[in-house]
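The lines below spell out each chain.
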Amino acid sequence: MSNLDGSPNGTAPPLARPPAPSPARLHPRLPVCTLARPSAPSPGRPLSRRLAQPRTDCSRRAWHSDSRRSTPPSPAMGRYSLAPLRVRSTAKALFDAKRTATLPQWYDIVGDIPAGETLARPVLQAPKVKGAKKASRLFKPLPIVYPEDRLRSDFFGDHPWELARPRLVVEDSGNDAKGYDWSKIQQRGKQLDGESVVQRQMWLMQNRRITKAAAYDQARREFYHHRHLNEIRTRIAREEAIHVGAYFGKGPLEVGVELEDKAWESWKAWANQQIEEEASMRAQMFSGPQNEDAGVSDLTTAEYDDAVTELDSQAAIAPGTAASRAGAPAHA
């Protein structure tokens, strides 16, 4: 016996393999690559070349099938585009093929000074060796430290305005401080400044064997005393010069006071302007029709007649008063 399909009993009919779906059915935008048949030979191109170079329409169809792409596909990811490096040779080829009438103006310049190639000039990096020892500090210069450095930082930290005073920095040997006798703070030929305090403090610490704080207090006390004497001498000399007819310009205090007064006047003018603007804004917020005769115009006829009658009665009682003079024109 056989089944309805003609196969013997006990055997299953062979399964038919379904046809492979075409690429166009899998994806409607995916084009089907077809080998274009060579067309009839054209007069300007031999048939052998057309047969030897069959063309396919895959790339052109793939590009035009997607309407969202307006530019040709870029180079593959991970590859370098060397087209900019061949711009000079491309321009020369176009000129030789008579596609362009003249060479570009930059043709000779690019030939004389070619563009740099990143691939031809890689960045050289020294390899890092694991477990390498650090460089020795044998040849590293040691920091230069003087004992006066800490004393200078303490004094000028407490008296920062001493740095604003003009100083004479010209020296003979670079170590002129050792040529003075620092048993006293004031020296001949040297102005009194912060360096005098530092050297005096150092001398007291080395010769008197006192602590740093005590030497600092004594040096500062002497410094303040001599600075006060110098200011007194300067003021007396100025007063004597003015007494005999000398003329001095404005001092720093007078100049500062004038600048302060000018700033105050400018601020005062600005404040007055702000007050006026604020007052005008408030007046505009409550502005409206203002009628001086609003109280008179709102009176009714009966109220007006009563007022005239009252004025007439007052005029009859006192005919010579101001009320009679005021009531006569009103009654008229």
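Because the structure is predicted, anything quoted here is derived from the model rather than measured.

Some words on the overall build of the protein
- A count of helical and extended segments in the protein gives 12 helices and 0 strands.
- What you see in the protein, going N to C, is helices and strands ordered as α-α-α-α-α-α-α-α-α-α-α-α.
- Out of the 332 residues in the protein, the part that is buried amounts to 12%.
- For the protein, the computed accessible surface area is about 29200 Å², with 58% contributed by carbon and sulfur atoms.

Quick notes on the nonpolar core
- Counting 8 residues, the largest nonpolar core consists of Phe155, Phe156, Ile185, Leu192, Val197, Tyr216, Ala219 and Phe223.
- Secondary-structure elements contributing two or more residues to this core are helix 6 (147-158) and helix 8 (212-243).
- Looking at this core element by element, the count peaks at 3 residues for helix 8.
- Discounting residues that sit within four places of it in the chain, valine 197 has contacts with Phe155, Ile185, Ala219, Arg220 and Phe223.

Side note on the pattern of salt bridges
- Evaluated as defined, the whole model comprises 12 salt bridges.
- Its salt-bridge partner being aspartate 154, residue lysine 212 comes within 3.0 Å of it at the nearest N-O pair. A residue pair is termed long-range when its members are at least 10 positions apart, and lysine 212 in helix 8 and aspartate 154 in helix 6 qualify at 58 residues.
- Of the residues examined, aspartate 154 reaches a relative accessible area of 31% and is grouped as partly exposed.
- Of the charged contacts, one joins arginine 200 and glutamate 222 as a salt bridge, the two residues approaching to 3.1 Å between their closest N and O atoms. With arginine 200 in helix 7 (residues 194-208) and glutamate 222 in helix 8, this pair connects stretches of sequence that are 22 residues apart.
- Using a relative accessible area of 4% as the deciding quantity, one classes arginine 200 as buried.
- Sharing partners across several salt bridges, the network here consists of Asp149, Arg152 and Glu195.

Rules and cut-offs
Residues numbered from 1 in each chain as written. Predicted model: local features only at pLDDT ≥ 70, side-chain atom pairs only at ≥ 80, totals over all residues. Heavy atoms only, no water. Helix = DSSP H or I, 4+ residues; strand = E, 2+ residues; numbered from the N terminus. Buried < 20%, exposed > 50% of the residue type's maximum accessible area, 1.4 Å probe, protein only. Areas by Shrake-Rupley, 256 points an atom, 1.4 Å probe, with all protein chains shown as cover. Core = buried A, V, L, I, M, F, W, Y, C linked by side-chain atoms within 4.5 Å. Contact = heavy atoms within 4.5 Å. Salt bridge = Lys/Arg side-chain N within 4 Å of Asp/Glu carboxyl O.

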